[in-house]
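# Structure assessment
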Amino acid sequence: MPNGILPVMFTGFDPGLPLERARTIPNTWYASAEVAAAEREAVFARTWQLVGRAEQVAAPGAFLTADIAGEPVLVVRGEDGVLRAFFNVCRHRAAPIKTESCGQAAKLRCHYHGWTYDLAGKLRGTPEFDGVEEFPKEGNGLVPMAVAEWGPFGFVHLTQPAEPLADFLRPLPGWVESRGGFGNLTWKARRTYDLACNWKVYVDNYLDGGYHVNTVHPALAGVLDYREYKTVCDGKTVVQSAPLKPAEGDAGRTRTGDLAAYWWVYPNLMLNLYSGVMDTNLVLPLGPDRCRVVFDFYFAAGTPDDFVRESVAVADQVQAEDVGVCEEVQRGLNSRSYTTGRFSVKRENGGYYFHQRLGRALLGSGGSLGG
Ligand code: FES
Ligand SMILES: [Fe+2]
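Residues numbered from 1 in each chain as written. Chains lettered and ligands numbered in written order. Predicted model: local features only at pLDDT ≥ 70, side-chain atom pairs only at ≥ 80, totals over all residues.

### Notes on the domain arrangement of the protein chain
- Looking at the protein chain, the domain boundaries give domain 1 (49-157) and domain 2 (170-361).
- Put simply, the middle of domain 1 and the middle of domain 2, counted by C-alpha atoms, are 32 Å apart.
- For the side of domain 1 that touches domain 2, a count of residues per class yields four nonpolar, one polar and two charged. (Domains from an automatic or database assignment. Nonpolar A, V, L, I, M, F, W, Y, C, P; charged D, E, K, R; others polar.)

Encoded structure:
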């Protein structure tokens, strides 16, 4: 499907309305294979996507693989120290070159018929392929894509990026710098959750400006100063923040410092930051009504193991609460009784900002909103 063109039945959304008069994207956008295909093209192939951790590909020969909205990706550090990314698709018969999630390799050997590529993606070995005409090895290397690092993260871009990663993420990198950078945060754990809902339901839930915190997350509500909770939309980000207040229990013990900051980066990445504690949530569409959310947990170096366990357990509890409402919402969106909803002007500016960005990408007027 060409970029920015949806069948007319899906165009029932006006991203130009002010928040006071705005409606959500229609329920059909949460269930349709056509919209999911349009998103792969106009959203996921047109944005920088978190692909893994920089430390996984720090040494020459280290590689990692990922799936970005159905595209197989291979990221590898060359012998020259340069980080490269390729489509993880062999030029012979399209098998994946690497099937492990990460590892170490001297060369990239396809496991199907044994073609080999060097770490820079050049085709080197083609067993039993003599006599094939008009087949220059130089023109048959792995197909590259853009890759960039920021802090502990690696990102890729499936098509030619419109802007460098640092600009795409703005103003997040400047904010992180102003708070002292990532410092000594170290990756400790990963949790993966599969949800029976469209990926946008999960993002909507994240971006509701704290609207559901008191009702759905009683423990989290105890540590956040809800009256001071605020949402700022800027560039391709939305940041929600609130001062922390002292509280009893696991949440109070593991969520400390002056501020909780919840950063969303269009379209599917979240970074949740507390003092000495950070987790990232990457929302991966698996189909119109299924998604996977990958949590990676980082802690300040030297954080005791029992604190790590307790902190991950707090996040796991919050996630269980979110999964419950997200799956309920998906069922409601499928109801013949519901088409669109309205936004709280006080709370839900972030959610509408997401719908505007997404709507403009899908309806074809590009990403002109706020940079
Ligand atoms: S598909 Fe890779 S060598 Fe045949
Ligand atoms: Fe939540």
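### Digging into unusual backbone geometry
- At the junction of Arg-170 and Pro-171, the peptide bond is cis and its omega measures out at 10° in the coordinates.
- As for its position among the elements, Pro-171 is in the loop between α2 (165-169) and α3 (172-178).
- The omega torsion across Tyr-266 and Pro-267 is 0°, close enough to zero to call that bond cis.
- Structurally, Pro-267 can be placed in the loop between β14 (259-265) and β15 (269-274).
- Unlike most non-glycine residues, Ala-94 shows phi in positive territory, near 75°.
- Note on placement: Ala-94 falls in the loop between β4 (83-87) and β5 (102-104).
- Ala-94 sits in the exposed class, given 11 other C-beta atoms within 10 Å.
- Not every positive phi belongs to a glycine, and Glu-134 is a case in point at roughly 50°. (Helix = DSSP H or I, 4+ residues; strand = E, 2+ residues; numbered from the N terminus. Buried ≥ 20, exposed ≤ 12 C-beta atoms within 10 Å, placed from the backbone.)

### Brief notes about the pairing of β14
- Counting buried positions over the seven residues of β14 gives five, a clear majority of the element.
- Alignment of strand β13 (residues 237-243) against β14, held across seven bridges, turns out to be antiparallel. Considered in β14, the bridge of Ser-241 is made with Ala-261.
- Taking the residues that link successive antiparallel strands as the turn, the β14-β15 hairpin has three residues. (Pairing = 2+ DSSP bridges.)

### Focus: the packing of helix α4 (residues 199-206) against helix α8 (residues 305-333)
- Closest axis-to-axis distance for the α4/α8 pair is 10 Å, and the angle between their directions is 125°. Classified by the angle their axes make, α4 and α8 are oblique. With respect to the hand of their crossing, α4 and α8 are arranged in right-handed fashion. The segment α4 lies against α8, with Val-201, Tyr-202 and Asn-205 engaging Asp-322, Val-325, Cys-326, Val-329 and Gln-330.
- Here the contact of α4 with α8 is built from residues that sort into five nonpolar, two polar and one charged. (Axes fitted to C-alpha atoms, helices over the stretch in contact; angles between N-to-C directions. Parallel < 35°, antiparallel > 145°, perpendicular 65-115°, else oblique. Left-handed = near helix turned anticlockwise from the far one by under 90°. Contact = placed C-beta atoms within 7 Å.)

### Side note on the sheet that holds strand β6 (residues 108-109)
- Strands sit in the order β6-β7-β8 across an open sheet of three strands; the sheet is antiparallel. The sheet terminates laterally at β6 and β8 (123-125), the two strands that pair on one side only.
- By the bridge criterion, two bridges tie β6 to strand β7 (residues 116-117) in an arrangement that is antiparallel. When the sheet's bridge partners are listed, Leu-108 is paired in β7 with Tyr-117.

### Looking at the pairing of strand β10 (residues 153-157)
- Burial runs high along β10: five of the five residues are buried.
- Burial along β10 is two-sided: the face carrying Phe-153, Phe-155 and His-157 and the face carrying Gly-154 and Val-156 are both buried.

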